[in-house]
Amino acid sequence: MEDFLEDLRNDHRDFDLARLEDVVGTNPFDLFNQWMKNAVDKGVAEANACVVSTVDTTGQPSGRIVYLKELINGEFIFYTNYHSHKGKDLAGNNKISMLFFWPALQQQIRIDGLCYKVPEQVSDAYFRSRPRGSKIGAWASNQSEQLISRTELEQRVHEYAEKFPGEVPRPPHWGGYAVRAELVEFWQGRPSRLHDRFVFKKEGENWNVGRLNP
Ligand SMILES: Cc1cc2nc3c(=O)[nH]c(=O)nc-3n(C[C@H](O)[C@H](O)[C@H](O)COP(=O)(O)O)c2cc1C
């Protein structure tokens, strides 16, 4: 297994893209939108899936994938259960990191910042747009709590489907988090590990942009 991993090599020779200086701009959001649109246009699977890392009050980090659902006014928004492992971490420590990796494009984006619950009406509007099955699932799943059996979950799905035969309200413990970025780094793979890295750092209302060594 270890030999197998050592032998994996990707020299990123296929990705001799235009120089990033030409497209960087004055804030990270334009470039993020540009890269995301390109990833979607190029057919990258699950382009909006990212690793969200949180840290609990003892300093223990945890990562998991979520879907980025919106980028509004510079806030990266995802939806989850506020009582989940990540929800508990964020209640005690709202520092967060989001990471996108698109292997086919040899691109990585890191977003470090602070996380806040979105206003209830924002969560309501998004919840309303979800399919009925997902809405019932949000009630039935005590996300990250121990589950004795699959049957227990299916039973709860059945109960909530009966409880809400028509419109399904948003559970109060389910909603959005907005990530306000303080640092955004764009990484573009280049040959011989001489990758391009551009980092935006928030300084007051402005963004400073610079290059990092690969
Ligand atoms: C592709 C993919 C997308 C996911 N999207 C979400 C999401 O948007 N929200 C969410 O709460 N969990 C999502 N999950 C499940 C999480 O990875 C995780 O299992 C769950 O949120 C519980 O995490 P926690 O126990 O660390 O809180 C997704 C998983 C995958 C593989």
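No experiment lies behind these values; they were computed from the predicted model shown.

Calculation criteria
Residues numbered from 1 in each chain as written. Predicted model: local features only at pLDDT ≥ 70, side-chain atom pairs only at ≥ 80, totals over all residues. Heavy atoms only, no water. Buried < 20%, exposed > 50% of the residue type's maximum accessible area, 1.4 Å probe, protein only. Helix = DSSP H or I, 4+ residues; strand = E, 2+ residues; numbered from the N terminus. Contact = heavy atoms within 4.5 Å. Near = heavy atom within 4 Å. Polar contact = N/O pair within 3.5 Å; in protein donor to acceptor, adjacent residues only side chain to side chain. Areas by Shrake-Rupley, 256 points an atom, 1.4 Å probe, with all protein chains shown as cover. UniProt positions renumbered as here; feature names shortened; annotations may be inferred. Phe/Tyr/Trp six-rings, centres within 6.5 Å; stacked < 30°, edge-to-face > 60°. Lys NZ or Arg CZ within 6 Å of the ring centre and 35° of its normal. Salt bridge = Lys/Arg side-chain N within 4 Å of Asp/Glu carboxyl O.

Engineer: I tried to follow helix H5 (residues 132–140) on my own but got confused; where do I start?
Structural biologist: Residues three or four positions apart in an α-helix share a direction because the helix packs 3.6 residues into each turn. By the burial criterion, the buried members of H5 are Lys135, Ile136, Ala138, Trp139 and Ala140. At its buried positions, H5 is contacted by helix H4 (120–129), helix H6 (150–163) and strand S7 (174–188).

Engineer: Looking at this model, I keep getting lost on the site of the ligand. Mind explaining?
Structural biologist: Looking at the ligand, the residues that line it are Glu46, Arg64, Ile65, Val66, Tyr67, Tyr79, Thr80, Ser84, His85, Lys86, Gln143 and Ser144. In this structure, an oxygen atom belonging to the ligand sits 3.3 Å away from a side-chain N or O atom of serine 84. The backbone of histidine 85 places a nitrogen or oxygen atom 3.2 Å from an oxygen atom of the ligand. With the chains in place, 66% of the 620 Å² that the ligand exposes on its own is no longer accessible. When residues of the shell around the ligand are traced back to their parent elements, those giving at least two are strand S2 (61–67), strand S4 (75–81) and helix H3 (85–92). Here the shell around the ligand gets four residues from one element, more than from any other, and that element is S2.

Engineer: Would you mind going over the UniProt feature "binding site: substrate" (unreviewed entry) in the protein chain with me for this structure?
Structural biologist: Sites flagged by UniProt as "binding site: substrate" (unreviewed entry) map to Lys69, Tyr126, Arg130, Ser134, Arg193, Leu194 and His195. Among the structural elements, lysine 69 can be located in the loop between S2 and strand S3 (70–72). By relative accessible area, lysine 69 is classed as partly exposed at 38%. Setting aside its immediate chain neighbours within four residues, lysine 69 contacts Ile77, Tyr79 and Tyr126. Relative to the assigned elements, histidine 195 resides in the loop between S7 and strand S8 (196–203).

Engineer: Just checking my understanding: could you explain the packing of aromatic side chains for this structure?
Structural biologist: Each aromatic ring pair is characterised by the separation of its centres together with the angle its planes make. Using the criterion set out here, one finds 16 aromatic pairs in the structure. Ring centres of tyrosine 79 and tyrosine 126 lie 4.0 Å apart, and the angle between their planes is 20°; this geometry places the pair in the stacked category. Taken together, the positions of tyrosine 79 in strand S4 and tyrosine 126 in helix H4 put the pair 47 residues apart, joining distant regions of the chain. Accessibility expressed as a relative area gives 19% for tyrosine 126, which makes it buried. Judged by centre distance (5.0 Å) and plane angle (75°), the rings of tyrosine 82 and tyrosine 177 are edge-to-face. Here tyrosine 82 is found in the loop between S4 and H3, whereas its partner tyrosine 177 is found in strand S7, with 95 residues between them in sequence. Neither tyrosine 82 nor tyrosine 177 differs from the other in exposure class; each is buried. Three or more aromatic residues joined by ring pairs form one cluster here, namely Phe29, Phe32, Phe76, Phe100, Trp102 and Trp207. When the ring centre of tyrosine 82 is taken as origin, the NZ or CZ atom of lysine 117, which lies over that ring, is 4.4 Å away. Above the plane of the ring of tyrosine 116 lies arginine 180, whose end atom (NZ or CZ) is 4.1 Å from the centre.

Engineer: When you look at the pattern of salt bridges in this model, what are you seeing that I'm missing?
Structural biologist: Opposite charge on two side chains makes pairing possible when the charged atoms of those side chains draw close. Across all of its chains, the model carries 12 salt bridges by this definition. The closest approach of N and O atoms between lysine 37 and aspartate 41, which form a salt bridge, is 2.8 Å. Of this pair, lysine 37 and aspartate 41 both sit in helix H2 (residues 28–41), four residues apart, roughly one helical turn. Considered together, lysine 37 and aspartate 41 belong to a single accessibility category, that of exposed residues. A salt bridge links glutamate 120 to arginine 170, with the shortest nitrogen-to-oxygen separation between them at 3.4 Å. Remark: arginine 170 occurs in the loop between H6 and S7 and glutamate 120 occurs in helix H4; sequence separation between them is 50 residues. Assessed through its relative accessible area of 56%, glutamate 120 is described here as exposed. Arginine 170 gets classed as buried once you look at its relative accessible area, which sits at 15%. Each of Arg110, Glu185 and Arg197 takes part in salt bridges that share partners, so that together they form one network.

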